[in-house]
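The lines below spell out each chain.
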Amino acid sequence: MTKPGGKPLRIVIAGAGAIGCFCGGLWASAGHSVTLLGRGRVLAPIAKNGLMVTDYAGLDRRLGAHQLRCSEDAAVMAEADLVVVAVKSSASAEMGQLIAQYAPPDAPVFSFQNGMTNAPLLRQMLPGRDVRAAMVPFNVVPLAPGTDKANGAGAAAATGYHRASSGEIMIAAGPGHWGRVLSTPELPLVETPDIVGVQWSKLLINLNNALNALSGLPLMAQLQSRAWRRLMADQMAEALRVMRAAGLRPVSTTPLPVWMVPHILRLPNWAFLRVAAQMLTIDPIARSSMAQDLMQGRITEVDALQGEIQRLGRAHGIATPIADVVIQLIRQAELKKAGLPQMQPGQI
């Protein structure tokens with residue numbers, strides 16, 4: 001895979017966590033020159049022992065330490081043909097300043113982030129640059145240390161990231177055919193003329209990140225519980241009421257219309273499992289990114305998800321009791337730093 005003109009693409013993943021390392025690993029495997037920019041605690045093991053990316057469908061790619069560049073110095077963006085921003089929403093402004101300082105003005109900037117405010121903020125901070133939002137539909141989880149058994153006895157295991165659910169990345173349409181340039185057989189990217197509508201649809205689904213974290217359950221087990229699905233449906237219906245009041249039109253990326261999803265979630269188990277088979281293309285080990293944050297004692301992105309619904313509701317006079325309670329419970333869990341709360345739906 002090359003950029004227009006035939007040369008390998010120089011990609012900097014700005015904020016390389018689970019999504020960034022997974023995508024960066026596949027782009028490096030496809031021949032691009034990839035630099036992972038992030039925290040030393042994440043990147044040092046990759047710089048020493050390499051990276052492994054796997055998925056639910058049998059993908060297994062191992063990259064030696066020499067196949068990726070790892071750095072904590074934002075100055076590496078000076079060589080970028082493309083900057084992919086993968087930091088949490090709370091760090092977008094800081095990353096925007098670093099991009100403005102170091103990245104070439106003609107290097108596109110793609111936001112692979114949750115929430116609705118990141119790309120507009122980056123666009124405001126980077127006037128005249130090609131800044132685009134993207135929607136990453138799948139879940140990536142870090143593998144436990146020592147999972148890589150291919151290196152043989154006594155060899156250090158590569159750091160592993162596992163894609164645990166399905167879907168194609170979507171990016172805003174624009175010049176340069178970037179969807180085609182970045183696509184690989186294992187990582188297809190599709191350009192869309194309505195990325196904002198797609199993002200609102202993804203936000204509706206991502207609202208479950210917080211419920212999954214509060215439940216303490218893997219995503220598959222949570223989806224198999226009708227009580228949890230009913231709460232998911234009520235939360236989504238609340239968000240849809242707010243979006244309608246605000247004149248927003250979420251765009252479904254599946255054959256199922258967005259408004260129908262709450263009804264599907266409320267079905268009895270036997271009917272749900274038959275109708276929603278596509279929704280269950282998830283590894284049994286998969287948990288939401290917010291669950292991973294609480295497990296690691298990190299601040300979550302609840303403000304970019306439930307917080308967005310809460311702000312819209314206040315602006316348009318629509319009550320959001322579920323969003324209000326979920327935000328409060330996640331904030332409490334953040335402060336306690338005791339891992340996953342292991343709550344029941346009735347407690348929420």
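Being a predicted model, the structure only gives us computed values, none of them experimental.

### Considerations on the overall build of the protein
- Helix and strand content of the protein: 14 helices and 12 strands.
- Along the three orthogonal principal directions, the C-alpha set of the protein runs to about 50 × 50 × 40 Å.
- Here the protein, with 348 residues, has 53% of them falling under the buried criterion.
- Here the contacts in the protein between residues at least 6 apart in sequence split such that 70% fall between residues at least 24 apart.
- Carbon and sulfur atoms provide 55% of the accessible area of the protein, an area that totals close to 15,200 Å².
- Side-chain charges in the protein split into 32 positive and 23 negative, and the spacing between the mean points of these groups amounts to 5 Å.

### Topic: the environment of W259
- Relative to the elements of secondary structure, W259 occurs in the loop between α9 (226-245) and α10 (261-265).
- Between the alpha carbons of W259 and A210 there is a distance of 21 Å; along the sequence they are 49 residues apart.

### Remarks on the pattern of salt bridges
- Taken as a whole and judged by the stated rule, the model has 13 salt bridges.
- A salt bridge links R10 to D81; the nearest nitrogen and oxygen atoms lie 3.2 Å apart. Placement of R10 in strand β1 (residues 10-14) and of D81 in the loop between β5 (69-71) and β6 (82-85) is noted, with a sequence separation of 71 residues between them.
- You can call R10 partly exposed: its relative accessible area is 38%.
- Note that D130 is salt-bridged to R132, the shortest N-O span being 2.8 Å.
- Linked through salt bridges whose partners overlap, the residues forming this network are K88, D293 and R298.

### Describing the packing of α9 against helix α13 (residues 306-316)
- Two elements in contact, α9 and α13, have axes whose closest approach is 9 Å; the angle formed by their N-to-C orientations is 45°. When the axis of α9 is compared with that of α13, the two are oblique. Between α9 and α13 the crossing geometry is left-handed. On the side of α9, the interface is formed by Q235, A239, V242, M243 and A245, while α13 contributes Q306, I309, L312, G313 and H316.

### Digging into the sheet that holds strand β2 (residues 33-37)
- Taken together, eight strands build an open sheet; the order of strands is β5-β2-β1-β6-β7-β8-β11-β12 and the sheet is mixed. The sheet is open, and its two edges are formed by β5 and β12 (189-192), each paired on a single side. Strand-to-strand, the axes of this sheet are offset by a mean angle of 25°, without reference to chain direction.
- Set on the sheet, helix α1 (residues 18-29) makes contact with β1, β2, β6, β11 (169-172) and β12; between it and β2 the angle comes to about 160°.
- Packed on one face of the sheet, helix α2 (residues 40-49) meets β2 and β5 and runs near 150° to β5.

### Quick look at the packing of α13 against helix α14 (residues 321-336)
- Interhelical geometry of α13 versus α14 gives an angle of 140° and a closest axis separation of 9 Å. It follows from the interaxial angle that α13 and α14 lie oblique. As for the relative orientation of α13 and α14, their crossing is left-handed in sense. Each of Q306, G307 and Q310 in α13 lies in contact with α14, whose residues at this interface are A323, D324, V326 and I327.
- Looking at the contact of α13 with α14 residue by residue, the class counts come to three nonpolar, three polar and one charged.

### Describing the packing of aromatic side chains
- Per the stated rule, a full pass over the model turns up three aromatic pairs.
- For the cation-ring pair, R163 lies above F138, with the distance from its terminal atom to the ring centre recorded as 5.3 Å.
- Over the ring of F272 we find R229; its NZ or CZ atom is 4.0 Å from the centre of that ring.

### So, the layout of surface pockets
- Each pocket or cavity is described by its volume, and for the second largest pocket that value is around 210 Å³.
- D194, L240, M243, R244, L248, R249, P250, V251, S252, P257, V258 and W259 together form the lining of the second largest pocket.
- A breakdown of the residues in the lining of the second largest pocket according to their chemical character gives eight nonpolar, one polar and three charged.

### As for unusual backbone geometry
- Even without a glycine there, the phi angle at K337 is positive, about 50°.
- Turning to its location among the elements, K337 is positioned in the segment after α14.
- Its relative accessible area of 55% is what places K337 among the exposed residues.
- A positive phi angle is found at Q342, which is not glycine, with a value near 60°.
- Among the structural elements, Q342 can be located in the segment after α14.

Parameters and conventions
- Residues numbered from 1 in each chain as written.
- Predicted model: local features only at pLDDT ≥ 70, side-chain atom pairs only at ≥ 80, totals over all residues.
- Heavy atoms only, no water.
- Helix = DSSP H or I, 4+ residues; strand = E, 2+ residues; numbered from the N terminus.
- Buried < 20%, exposed > 50% of the residue type's maximum accessible area, 1.4 Å probe, protein only.
- Contact = heavy atoms within 4.5 Å.
- Areas by Shrake-Rupley, 256 points an atom, 1.4 Å probe, with all protein chains shown as cover.
- Lys, Arg positive; Asp, Glu negative; His and termini not counted.
- Charge placed at Lys NZ, Arg CZ, Asp CG, Glu CD.
- Salt bridge = Lys/Arg side-chain N within 4 Å of Asp/Glu carboxyl O.
- Axes fitted to C-alpha atoms, helices over the stretch in contact; angles between N-to-C directions.
- Parallel < 35°, antiparallel > 145°, perpendicular 65-115°, else oblique.
- Left-handed = near helix turned anticlockwise from the far one by under 90°.
- Pairing = 2+ DSSP bridges.
- Nonpolar A, V, L, I, M, F, W, Y, C, P; charged D, E, K, R; others polar.
- Phe/Tyr/Trp six-rings, centres within 6.5 Å; stacked < 30°, edge-to-face > 60°.
- Lys NZ or Arg CZ within 6 Å of the ring centre and 35° of its normal.
- 1 Å grid on protein atoms, 1.4 Å probe; cavity = no way out; pocket = protein on both sides within 12 Å on 5 of 7 lines; lining within 4 Å.
- Points joined across faces, edges and corners; volume = space filled by probe spheres on them.

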